[in-house]
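Fold and contact review
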Amino acid sequence: MKTSGSGKKPAGKKPNSPLRDETRSPARQVATSVVHRVLEDEAFTAAVLDAALAREKLARNDAALATELSFGTLRAYVRLRGWLEPLLRQPFDKLEGWVRASLLVAAYQLFYLPRIPTFAIVAESVALVKKKRGPGLAALSNAILRKLAAERETWLARAAESPRLALPSWIQGALEASIGAEALAQWVEGSGNAPWTGLRAQSARISREALAERLRQERPDAEIRLGSFARHALLVRRAGPLQQLESYREGLFTVQEEGAQLVIDMAAFRQGERAADLCAGRGNKTTQIAEAVGSAGEVLAADYYEEKLAQLERELLRLQMQDHRVEWHAVDLSRGTGKLRAERDRVVVDAPCTGLGTLHRRPELMLRLDPASIASMQALQIQILSRAATLVRRGGCLIYAVCSPLREEGAGTIETFLRQSEAAWRPLLEPFLLRDKSWVPDELGGFCWGPWSGEKEGGTDAYQVYRLTRR
């Protein structure tokens, strides 16, 4: 006979976060959610992933796996889609969004992570679809994944021979035409690795070597190494949320990609100069310029998006740079310069571009561009560069940068600008000494790094930088 009143509550499920359910791997759930947001809402991978990791508070190993699955799936999207499509009875783009994301994340694990058992990948992916979208779509996912899993050994061999960054054919062709097949192949191979995060040591207060030691104390499990090019660059990986570090709150470093830091190193600002940072975004380069020109100098930051510039004041306070003279204005440089004052010694234009040089960190870009993007970006770049040129004093320097390897966005834009400027500008052909290496510009005053640097591990974004001087 059953009795009651034992005082024990029936066993039940513990409260779950919005992403967690009965599956055992929170990393897979986070990654599927990230891929879903990127594909459905055109969100940015890094931003969505950072928010999910902060919300879910995953253990370090789970956070690392979620990062691998999110970035890896999107880097290999073109190839994974090609492997999935023959198994479908409907177009890939017609699949329900969550199902599509789940299949892509599962396929990435099946073909690129051989240590994960097949049954775990299939079972947990199907369970996640069932929880989110019901048994009907779960059954569809199960059928597709079982077909895919049956050929896992064959696909594993193919995947092992292929770089993890899979480019759409038109991007492959455009990049080969710009930098050559050999350089592109080497760059793509290195771009499939887990990306490093660039930091810039606040050199007035701490050296990058001392900062590296400080970070090793705060994050003993992180990978940390000195940058190869930029003066104050440090590279970290698997360090967790950097904004939670005491050294960050103290303002000892800025999160900034090494290639972007090198742009300002190449600009060669001097103490006391009047400078401008156009297309400044959130102002990482602005604070780097302000440090270079010192409190005796003056820096103007301008960008189309006022909400980005609004963060600059807080950043100056965090970095303890309140005594530096920095002003900022929201302005649409494709239309004019507004009330920006001219007679600047050096003006940096980090122009809008396709961003193809950042695919290892922003793989979602290649899913949103089309061949017409190149021509439209070049037209915008020429408009902005022409307006920026009016802010430079006679004898001053104009620095143009894009994070793209495409010739059209680099040399092509500069050639058009020089042709239209009627001899008012000429390339600055002086070499630049950095880390005991003499960097010699090309005939247009240009420097390039990324695919041209030959680094396979921890390489910078692909940048083209041109220095011009006003006659």
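In this text the structure is predicted, and so the values were computed from the model without any measurement. (Residues numbered from 1 in each chain as written. Predicted model: local features only at pLDDT ≥ 70, side-chain atom pairs only at ≥ 80, totals over all residues. Heavy atoms only, no water.)

1. So, the sheet that holds strand E1 (residues 197-201)
Operational definition: One bridge is not enough; two strands pair if DSSP finds at least two bridges between them. Strands here mean DSSP runs of E at least two residues long; helices mean DSSP runs of H or I at least four residues long; both are numbered from the N terminus. Orientation is described by axes fitted as lines to C-alpha atoms, over the contacting stretch for helices, and by angles from 0 to 180 degrees between their N-to-C directions.
Within the open sheet, the 4 strands sit side by side as E2-E3-E1-E4. Their pairing is antiparallel. Each end of this open sheet is capped by a strand with a single partner; those strands are strand E2 (223-226) and strand E4 (253-255). Neighbour-to-neighbour, the strand axes of this sheet turn through a mean angle of 30 degrees, independent of strand direction. Here 3 bridges tie E1 to E4, and the two strands are oriented antiparallel to one another.

2. Details of the nonpolar core
A general tendency of soluble globular proteins is for nonpolar side chains to be buried together. Worth spelling out the cut-off: Here, nonpolar core refers to any group of buried Ala, Val, Leu, Ile, Met, Phe, Trp, Tyr and Cys residues whose side-chain atoms link them within 4.5 Å. When a residue's accessible area, from a 1.4 Å probe over protein chains only, is under 20% of the maximum for its type it is buried; when over 50% it is exposed; and in between it is partly exposed. Note on contacts: a residue pair qualifies if any of its non-hydrogen atoms lie within 4.5 Å across the two residues.
Ranked by size, the top nonpolar core spans 65 residues in total, and within it Leu278, Val347, Val349, Leu398, Trp439 and Trp449 carry the most contacts. If you tally residues by element for this core, the top one is strand E9 (residues 392-402), at 7 residues. In this structure, Leu398 is in contact with Val347, Val349, Leu385, Ala388, Ala389, Val392, Phe417, Trp425, Tyr466, Arg467 and Leu468, ignoring residues within four places of it in sequence. Among the nonpolar cores identified, the runner-up in size contains 50 residues, and Ala27, Val35, Ala76 and Val105 belong to it.

3. Focus: the confidence of the model for the protein chain
A low pLDDT means the predicted coordinates there should not be read in detail. The criterion, for reference: Confidence scores per residue from the predictor, reported as pLDDT, run from 0 to 100.
Predicted confidence across the protein chain gives a mean pLDDT of 90, with 94% of residues reaching 70 or more. In the predicted structure, residues 1-23 sits below a pLDDT of 50 and forms 24 contacts with residues beyond four places in sequence or in another chain.

4. A word on the pattern of salt bridges
Close approach of charged atoms lets side chains of opposite charge pair. Rules: Salt bridge, as used here: a side-chain nitrogen of Lys or Arg that lies within 4 Å of a carboxyl oxygen of Asp or Glu.
The tally for this structure, following the rule as stated, stands at 31 salt bridges. Taking the shortest distance from any N to any O, the salt bridge between Asp265 and Arg231 comes out at 3.5 Å. With Asp265 in helix H13 (residues 258-267) and Arg231 in the loop between E2 and strand E3 (233-237), the pair connects residues that are 34 residues apart, well separated along the chain. Close ionic contact of Arg325 with Glu298 constitutes a salt bridge, the shortest N to O distance being 3.9 Å. Remark: Glu298 occurs in strand E6 (residues 298-303) and Arg325 occurs in strand E7 (residues 325-330); sequence separation between them is 27 residues.

5. Quick word on the pairing of strand E8 (residues 344-350)
Most of E8 sits out of view: 7 of its 7 residues are buried. As judged from the 4 bridges shared by strand E5 (residues 274-278) and E8, these two strands associate in the parallel manner. Note on E8: the bridge partner recorded for Asp277 is Val348. Across 6 bridges, the pairing between E8 and E9 is parallel. Paired with Arg346 across the strands is Cys397, a residue of E9.

6. With respect to helix H7 (residues 135-150)
Along an α-helix, a turn takes 3.6 residues, which lines up residues three or four apart on a common side. We apply this condition: Each helix should span, by expectation, one fewer than its residue count multiplied by 1.5 Å. Directions drawn from the helix axis to the C-beta atoms are what define this arc.
Here H7 contains 16 residues, and its C-alpha end-to-end distance of 22 Å stays within 8% of the 22 Å for a straight helix at 1.5 Å per residue. Among the residues making up H7, those that are buried are Ala138, Ser141, Ile144, Leu145, Leu148 and Ala149. Axial view of H7: buried residues confined to an arc of 135 degrees, hence all on one face. When the buried face of H7 is taken as reference, the exposed residues oriented beyond 90 degrees from it are Pro135, Gly136, Arg146 and Ala150.

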